[in-house]
Amino acid sequence: MQEGQYESSVPTVQDRVVQAALKLVLEPIFEADFQPFSYGFRPGRRQHDAIAEIRHFATCGYEWALEADIKACFDEIGHVPLMDRLRARIKDKRILALVKAFLKAGIMTPDGEEDSYSGTPQGGILSPLLANIALPAPGDHFAGQWQQQMKTPHQRQARRKRGQGNWRMTRFADDFVVMVHGERQHAEALRQEVTDVLATLGLRLAAEKTRVVHIDEGSGFLSITIRRMRKRGTSKHYACTKPSKKAIQAVKDKVTAKTYRSTLYQEPEGLIQSISKTLTGWANYHRHGVAKAAFSTAGHHAWNRIMRWLRRKHDGGSGLGMPELRRRFCVPGTWKLAHNGVVFTGAATVPIVRYRYRGTRIPTPYPQPSAGPSG
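Our subject in this report is the structure included herewith. Just so it is clear, the model here is predicted, and its values are computed rather than measured.

## A word on the sheet that holds strand 5 (residues 175–181)
Taken in spatial order, the four strands of this open sheet run 4-5-1-6, and their pairing is antiparallel. Looking along the sheet, the strands with just one partner apiece sit at the ends: strand 4 (166–172) and strand 6 (211–214). In this sheet, adjacent strand axes meet at a mean angle of 20° when their direction is disregarded. Inspection of the sheet shows strand 1 (residues 64–69) paired to strand 6 by four bridges, in the antiparallel sense. When the sheet's bridge partners are listed, W64 is paired in strand 6 with H214. Set on the sheet, helix 2 (residues 47–59) makes contact with strand 4 and strand 5; between it and strand 4 the angle comes to about 165°.

Rendered as structure tokens:
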């Protein structure tokens, strides 16, 4: 049972313990069945693997991208198709009954208990795994097409000669991209295929977040923009990744919020340390792309906000002069902000490191599936 209106997504401690135990039982069974192009909430896999895969295909001629997002995925997953998938691999009725009890538990609100007719237990340890169990339907659909029609280079070449397209899917939780080697109409046709497959699970695409784009325009995925660009001074084109405009604006907004007038009560070293941690964490996520300019932009914005905050705090609003600010709040001989031994470190201090595409070489901690149902 889940408590409170806001805490409706936070299970009780007892529920978390039981869900963790269930996850230990279910994950090894279903992990071996998941497709290799699924990267969300799986052991040994991360967002950057999914981004690197899209970049890899964009480099190999897959120029069109169907960007798709499942609307209210965790809230609208149908219980019946989800339980059918569980029963196909689990025969222990006690395990199935326990999972069903979590799905049907409902939530507590100020007006009383509300029943759950769809969706997975929000905020719980088990929720991502249940979503992964339910969502392979689109992946299985495209994987089947790949195995039967596009697996070999000869098959893919023959399809292109007949005017047909080839495609590969990459998924992270409820966000996925289908990369298409062909024409725009091939990518557009896949939208209806995805819609029909999701309908069997009681799910639908978010129309405002689903679109077809050319890789030269830039495809957005997990706060990253993947775009093919010409290498300066040559006629060669390469797909590269960089922080999206939305991601840059989001971190700038966080810095702005930390430097509102309402935060003048805190000490300068506390503010400098807090903003440094925010920028460093953001930069560590984006450090595998072409991010030097983005890091510089975020750092300059943060420096200006901190500088204005210091001038307001220490001169009663009339404005602390820049020479005095440099003397009191910068490392001697530089404009690097510092106070009481705490030095401002912007995003630009994080080194850029290329992320290597691992493809199907990602190891799994679990054995391959055995013949017949498990449980």
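This is not the end of the story, as more comes after the structure.
## Some remarks on the environment of A283
Mapped onto the secondary structure, A283 falls in helix 11 (residues 268–286). Of the residues examined, A283 reaches a relative accessible area of 0% and is grouped as buried. It is 6.9 Å that separates the C-alpha atoms of A283 and F295, two residues lying twelve residues apart in sequence.

## Examining the pattern of salt bridges
All told, the structure shown has 13 salt bridges when counted by the stated rule. In this structure, the salt-bridge partner of K23 is E27, at a minimum N-O distance of 3.0 Å. Highlighted residues: K23 and E27, both in helix 1 (residues 13–31), separated by four residues, approximately one helical turn. The class of K23 is partly exposed, set by a relative accessible area of 24%. Take E27: its relative accessible area is 9%, and that puts it in the buried class.

## Comments concerning the nonpolar core
In terms of nonpolar packing, the biggest core is built from 67 residues, with L86, V178, M179 and F221 touching the most fellow members. Those residues in contact with M179 that sit more than four places away from it in its chain are I54, F57, A58, Y62, W64, A65, N166, W167, R168 and I215. Counting residues in each nonpolar core, the second largest holds 28 residues, with V251, I272, W282 and W309 among its members.

## So, the pairing of strand 4
Buried residues dominate strand 4, accounting for seven of its seven residues. Residues N166, R168, T170 and F172 line one face of strand 4 and the alternating positions W167, M169 and R171 line the opposite face, and both faces are buried. Pairing of strand 4 with strand 5, which is carried by seven bridges, proceeds in the antiparallel orientation. Considered in strand 5, the bridge of W167 is made with V180. Counting the residues in the hairpin turn of strand 4 and strand 5 gives two residues, including A173, whose phi is positive at 55°.

Conventions we followed
- Residue positions are given per chain, counted from 1 along the sequence in the order it is written.
- In keeping with the predicted nature of the model, local features appear solely for residues at pLDDT of at least 70, side-chain atom pairs appear and are counted solely at 80 or more, and the whole-chain, interface and lining totals rest on all residues.
- Each side-chain value is derived from all of the structure's non-hydrogen atoms; neither hydrogens nor water enter the calculation.
- When DSSP finds at least two bridges between two strands, those strands are taken to pair.
- Under the scheme used here, helices are H or I runs from DSSP no shorter than 4 residues and strands are E runs no shorter than 2 residues, and both carry numbers assigned from the N terminus.
- Lines fitted to C-alpha atoms define the axes, with helix axes restricted to the stretch in contact, and inter-axis angles between N-to-C directions lie between 0 and 180 degrees.
- Two residues qualify as a contact provided that any one of their heavy atoms is within 4.5 Å of a heavy atom in the partner residue.
- Burial here depends on accessible area, computed with a 1.4 Å probe over protein chains only, as a share of the maximum for the residue type. Under 20% is buried, over 50% is exposed, and the range in between is partly exposed.
- One speaks of a salt bridge when a side-chain nitrogen belonging to Lys or Arg is within 4 Å of a carboxyl oxygen belonging to Asp or Glu.
- Here the nonpolar core consists of buried residues drawn from Ala, Val, Leu, Ile, Met, Phe, Trp, Tyr and Cys, with membership extended through side-chain atoms lying within 4.5 Å.

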